[in-house]
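# Observations on the model geometry
Residue strings, one per chain:
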Amino acid sequence: MTPRQSSGRRLVPAYLATGGRARPSRNTLDRLTLLHGVGMPITSEVRPEEQRILELLQPGALSLAEVAAHLHLPVSVVKVLVADLVDAGRLHARPPIPEAEQFDRQILERVLDGLRSLKC
């Protein structure tokens with residue numbers, strides 16, 4: 001995580017966490033992309049910010065925006081870090097489900113009601 005002064009201001013600019021890079025190696029990452037670790041052990045070659053991401057994902061999946069919030073880093077910076085981890089095979093990233101493919105709750109409730117009426 002990036003060090004902070006007592007006033008809450010960063011001592012080091014956030015973009016330095018990425019080695020000064022502003023663009024991720026892949027443009028498929030979105031704020032709602034779901035991230036989950038692959039269970040590889042964390043080694044010394046993993047940078048501290050990347051290590052923190054992997055630690056956050058040990059209990060389960062989080063969205064890229066949630067990871068950014070936990071790290072107190074901009075989403076654009078976390079995208080670069082996540083892309084590096086995906087490229088290294090340490091993370092899986094799944095795109096969000098498009099709204100058109102999401103289930104309609106009302107239809108599912110009607111199907112469930114219909115199944116319940118058949119049971120009686």
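This text goes with the structure placed above it.
Our subject in this report is the structure included herewith. What you see is a predicted model, and the numbers here were worked out from it, not measured in a lab. (Residues numbered from 1 in each chain as written. Predicted model: local features only at pLDDT ≥ 70, side-chain atom pairs only at ≥ 80, totals over all residues. Heavy atoms only, no water.)

### Quick word on the pattern of salt bridges
Rule in force here: Salt bridge criterion: a side-chain nitrogen from Lys or Arg within 4 Å of a carboxyl oxygen from Asp or Glu. Relative accessible area decides the class of each residue, using a 1.4 Å probe on protein chains only: under 20% of the type maximum gives buried, over 50% gives exposed, and in between gives partly exposed. Helix and strand assignments come from DSSP, with helices taken as H or I runs of at least 4 residues and strands as E runs of at least 2, each series counted from the N terminus.
Here the structure, examined in full by the defined rule, presents five salt bridges. Arg47 is the salt-bridge partner of Glu50, the closest N and O atoms lying 3.1 Å from each other. Using a relative accessible area of 28% as the deciding quantity, one classes Arg47 as partly exposed. Taking the shortest distance from any N to any O, the salt bridge between Asp84 and Arg47 comes out at 3.2 Å. One end of the pair, Asp84, is in helix α3 (residues 75–87); the other, Arg47, is in the loop between β1 (34–37) and α1 (48–56), and 37 residues separate them in sequence. A single salt-bridge network, built from bridges that share partners, covers Arg47, Glu50 and Asp84.

### Quick word on the sheet that holds strand β3 (residues 91–94)
The strands making up a sheet associate through hydrogen bonds between their backbones, and the pairing can be parallel or antiparallel. As a reminder of what qualifies: Strands qualify as paired when DSSP identifies two bridges or more between them.
The three strands are arranged β2-β1-β3 in an open sheet whose pairing can be described as antiparallel. With one partner strand each, in any of the chains shown, β2 (62–63) and β3 form the two edges of the open sheet.

### Observations concerning a nonpolar patch on the surface
Formally: Patches here are clusters of residues that have more than 30% relative accessible area and form no salt bridge, with a 9 Å joining cutoff for like charges and a 5 Å cutoff for nonpolar side chains (Val, Leu, Ile, Met, Phe, Trp, Tyr). Here the open area of atoms and residues is found with the Shrake-Rupley method and a 1.4 Å probe, where only the protein chains shown may cover a residue.
A surface patch of nonpolar side chains, amounting to about 400 Å² of accessible area, comprises Ile107, Val111, Leu115 and Leu118. Its place among the elements puts Leu118 in helix α4 (residues 105–119).

### Some points on α3
Under the convention used in this document: A helix's residues, less one, multiplied by 1.5 Å, set its expected span. When checking whether two residues touch, look at their non-hydrogen atoms; a contact exists if any pair is within 4.5 Å.
Given a rise of 1.5 Å per residue, 13 residues ought to cover 18 Å, and the 18 Å separating the end C-alpha atoms of α3 matches this to within 8%. Burial runs high along α3: ten of the 13 residues are buried. Those residues of α3 that fall on the buried side of the exposure criterion are Val75, Val77, Val78, Val80, Leu81, Val82, Ala83, Asp84, Leu85 and Val86. The secondary structure elements touched by the buried residues of α3 are β1, α1, α2 (64–71) and β3. Residue Gly89 follows α3 closely and has a positive phi angle near 80 degrees.

### As for the packing of α2 against α3
The condition that has to hold: Lines are fitted to the C-alpha atoms to define the axes, a helix being fitted only along its stretch in contact, and any angle between axes, read from their N-to-C directions, falls within 0 to 180 degrees. Note on terminology: angles under 35 degrees are roughly parallel, angles over 145 are roughly antiparallel, angles of 65 to 115 are roughly perpendicular, and the others are oblique. Think of it as three bins: nonpolar holds Ala, Val, Leu, Ile, Met, Phe, Trp, Tyr, Cys and Pro, charged holds Asp, Glu, Lys and Arg, and polar takes everything else, Gly as well.
In contact at an axis separation of 9 Å, α2 and α3 are set at 110 degrees when each is read in the N-to-C sense. With respect to their mutual orientation, α2 and α3 come out roughly perpendicular. Residues Leu64, Val67, Ala68 and Leu71 of α2 touch α3, and the partners they reach there are Val75, Val78, Lys79 and Val82. The residue inventory of the contact of α2 with α3, partitioned by class, reads seven nonpolar, no polar and one charged.

### Observations concerning the environment of Gln51
Locating Gln51 in the fold gives a position in helix α1. The spacing of Gln51 and Leu85 is 34 residues in sequence and 9.7 Å in space, taken between C-alpha atoms. With near-sequence residues (within four places) excluded, Gln51 lies in contact with Ile42 and Val46.

### Examining the side chain of Ser63
Structurally, Ser63 is set in strand β2. Setting aside anything within four residues of it in sequence, one finds Ser63 in contact with Arg31, Leu32, Thr33 and Leu34.

### With respect to α1
Quick note on the threshold: Directions drawn from the helix axis to the C-beta atoms are what define this arc.
Turning to α1, its buried residues are Glu49, Glu50, Ile53, Leu54 and Leu56. Projection of α1 onto a plane perpendicular to its axis shows the buried side chains occupying an angular sector of 160 degrees, all on one side. Tucked inside the fold, the buried residues of α1 contact β2, α2, α3 and β3.

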